[in-house]
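Chain and residue survey
If you want the building blocks of each chain, they are given just below.
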Amino acid sequence: MKFLLSFYLICISFSIQAQGSISGNFSPPKDFKWLIAYELTPNGERYSVDTAIRDGSFILEMPTTAQAGIYRLVYAVPQDEFYIDVIYNKKEDVKFNFNLKDGLTITNSEENKWYHEYFKKITVAQDDLLEYYESGGDSQQEYTNIIDELSTIQTTFEEKHANTIAHKFIKANRGYIPTKFENLETFLKNKKQHHFDHLTINDPLLQSSNLLTDKFASYAFSALPLSITTKDEFEVEVNKNIKTIAGLIATTPIGFQEKAFHQLWEVAEINGMATVQDTIFKNHLKKLAIANNNQKLVDEIEMASRLRTGAISPDITWEVNGKKHSLLNMEKADNYLLVFWSSTCSHCLKELPALHKEIEGYENLKIIAVGLEDDDVNWKEVSATLPRFNHAIALGRWESDYAQTFGIQSTPTYFILDSEKRFLAKPESDKEVIEFLEN
């Protein structure tokens, strides 16, 4: 009996420590070489395991210590753009196919299938309701059919998949569903009022995913009154919504708050809402990033703010025959072109002479060329062959103040400014510079 009991306990132990896997195929095979799995946590990503992708196929043997939850599978850089999120519940292996053209198809894992099926169906039903309003629909029966479909999908998936990781996301995603016909103004008012009804904001699993932060972004930028007619009014209302979000998540982990506000900042950036960006950064994100020891994020955002379209360029100074000159004090022109280059850069030595020749006819264009150099010996010789440029030098190359201020990571780098010395464009080559100026 003692032997049988010991054997039974050993079997239980092996069962508890059973190792699961995530496997599948990527297509086209030549475009995928490696895969890294990160466990998503409220404070960010935690490395779990990695593997090579061979001929499009891979298998990630998950560590026995891996916790059930959401895992991010990164397959290219930048890592925050090229990834797949999957549920790993430790009860079933996950298998999928991923094609650059057709996207993701789950081939093994019922929970992941439910998860994707739910979001696919509920999104279609939500789009149908929005389309009804946008098209000015007036059929009461059509409206009833749409909200019935929304309610059926939501309720069915919630009831059918209780006690699963997917269930938490399905329940949290429940949006406002009218019980009878509402005009657009009433619907939007109620939708905003009930936006957070089903979000368990303090749930670590939900904090680990993108669901909550996506919900916050949706609220901040779309839960707005119909009466808005100007961009200023729009930004005022968005900032009010962001203040509401700040209050809701004030007691959540710092890492989660940072992630939420960073996403809001990025949405504002995409939509050219500089005032909102600055408000988010000044009132929330900067303090959170510093508290979370993420000075890198602070530096990146401050640089993006300095260089964004519409911002006045930082100053650049240079000397000619002992006399000091500067960009910000330069005489008026229609445009200014900033060129960051190096006299030891082969691409620069090819592009700059061509550009120098092309700009000959642009009388209302001023060019400042900043050489990122170790010393001035070669720079003096090469810069002398480009007399139409105003030449500044930045000793220290990549570590120089100018390289840091303007975020220079390669040479040549170009910036075009308007007549007020505000950033207009960042062309990729001398040819793109000319194309921009011609148009």
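Per chain, residue numbering runs from 1 following the sequence as it is written. Under the rules for a predicted model, residues below a pLDDT of 70 receive no local features and side-chain atom pairs below 80 are neither given nor counted, while totals for whole chains, interfaces and linings still include all residues. To get the side-chain values, all heavy atoms of the structure are used, and hydrogens and water are removed first.

1. Examining the confidence of the model for the protein
The quantity known as pLDDT measures the predictor's confidence residue by residue, on a range of 0 to 100. Model confidence for the protein is summarised by a mean pLDDT of 94, while 96% of its residues fall at 70 or above. Low pLDDT (under 50) marks residues 1-17, which in the prediction has one contact with non-local residues, meaning those over four places away or in another chain. Contacts are assigned to residue pairs with any non-hydrogen atoms lying within 4.5 Å of each other.

2. So, the sheet that holds strand E1 (residues 21-27)
Here, a strand pair is defined by DSSP locating no fewer than two bridges between the strands. Working definition: helices are DSSP H or I runs of at least four residues, strands are E runs of at least two. Numbering for both runs from the N terminus. Read from one edge to the other, the open sheet built from four strands follows the order E4-E1-E7-E8, with strand pairing classed as mixed. Edge positions in the open sheet fall to strand E4 (57-61) and strand E8 (103-108), since each of these has one partner strand only. Taken over all neighbouring pairs, the strand axes of this sheet differ in orientation by 20 degrees on average, direction set aside. Across five bridges, the pairing between strand E7 (residues 94-99) and E8 is antiparallel. Bridged to asparagine 97 within E8 is threonine 105. Running at roughly 140 degrees to E8, helix H2 (residues 110-134) makes contact with E7 and E8 of the sheet. To get an axis, a line is fitted to the C-alpha atoms, and for a helix only the part in contact is used. The angle between two axes follows their N-to-C directions and goes from 0 to 180 degrees.

3. Structural notes on the packing of helix H7 (residues 211-222) against helix H8 (residues 231-248)
Between H7 and H8, the shortest axis-to-axis distance is 7 Å and the interhelical angle comes to 145 degrees. Where H7 approaches H8, its residues Phe216, Tyr219, Ala220 and Phe221 are matched on the opposing element by Phe234, Val238, Asn241, Ile242, Thr244 and Ile245. A breakdown of the residues in the contact of H7 with H8 according to their chemical character gives eight nonpolar, two polar and no charged. Ten residue types, Ala, Val, Leu, Ile, Met, Phe, Trp, Tyr, Cys and Pro, are classed as nonpolar, four, Asp, Glu, Lys and Arg, as charged, and the remainder, Gly among them, as polar.

4. Considerations on the environment of threonine 251
Within the element layout of this structure, threonine 251 appears in the loop between H8 and helix H9 (254-270). For threonine 251, a relative accessible area of 70% puts it in the exposed group. Spatially, the C-alpha atoms of threonine 251 and histidine 167 are 24 Å apart, while their sequence positions differ by 84 residues. Buried means the residue's accessible area, taken with a 1.4 Å probe over protein chains only, is under 20% of the maximum for its type, while exposed means over 50%, and partly exposed covers the values in between.

5. Description of helix H4 (residues 165-172)
Burial analysis of H4 places six of its eight residues in the buried class, which makes it a mostly covered element. When we look at burial in H4, the residues that qualify are Ile165, Ala166, His167, Phe169, Ile170 and Ala172. Tucked inside the fold, the buried residues of H4 contact strand E5 (69-74), strand E6 (83-88), H2, helix H3 (140-160), helix H6 (204-208) and H7.

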